[in-house]
Amino acid sequence: RRWQLPFEEIMYVGDNTDKDFSAPRQLGMQWKWFYNEEGIYKKDVLDKSFLDHKIMKLTDITEVIN
């Protein structure tokens, strides 16, 4: 609301597959899962949809912005 942007024009980036993506998905936001090899949330992912949204380094975001 503050930025007066539609949710479809916002991208959410997170690394916790258990809690970070529920709201962005429901709101229709673009989202990317940052697979942080050194992070505390690194684990096997059961929800395969995350694999299609995976980035390995934050600089990869510039390549996927629509």
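Going by the structure above, here's the rest.
Residues numbered from 1 in each chain as written. Predicted model: local features only at pLDDT ≥ 70, side-chain atom pairs only at ≥ 80, totals over all residues. Heavy atoms only, no water.

Visitor: Looking at this structure, I do not really get the pattern of salt bridges. What am I missing?
Guide: Note on pairing: side chains with opposite charge can pair once their charged atoms come close. For the structure shown, the criterion picks out two salt bridges. A salt bridge links Asp20 to Lys19, with the nearest nitrogen and oxygen atoms 3.5 Å apart. Asp20 gets classed as buried once you look at its relative accessible area, which sits at 11%. Among the ionic pairs, Arg25 bridges to Asp47, the shortest N-O distance being 3.4 Å. In this pair, Arg25 sits in helix H1 (residues 22-27) while Asp47 sits in the loop between strand E2 (30-34) and strand E3 (54-55), placing the two residues 22 residues apart along the sequence. Given a relative accessible area of 33%, Asp47 falls into the partly exposed group. (Salt bridge = Lys/Arg side-chain N within 4 Å of Asp/Glu carboxyl O. Buried < 20%, exposed > 50% of the residue type's maximum accessible area, 1.4 Å probe, protein only. Helix = DSSP H or I, 4+ residues; strand = E, 2+ residues; numbered from the N terminus.)

Visitor: Help me understand the pairing of E2 in this model?
Guide: Remark: a regular strand shows side chains that alternate across the two faces of the sheet. In terms of burial, E2 is a largely internal element, four of the five residues being buried. Where strand E1 (residues 11-14) and E2 come together, four bridges link them in parallel fashion. Bridge pairing in E2 links Tyr12 to Trp31. As a crossover connection, the stretch from E1 through H1 into E2 is right-handed. (Pairing = 2+ DSSP bridges. Right-handed = clockwise from strand over helix to strand, strands pointing away.)

Visitor: Sorry if this is basic, but what is going on with the side chain of Thr17 here?
Guide: By the element assignment, Thr17 lies in the loop between E1 and H1. Residue contacts for Thr17: discarding those within four places in its chain leaves Trp33, Lys43, Val45 and Phe50. (Contact = heavy atoms within 4.5 Å.)

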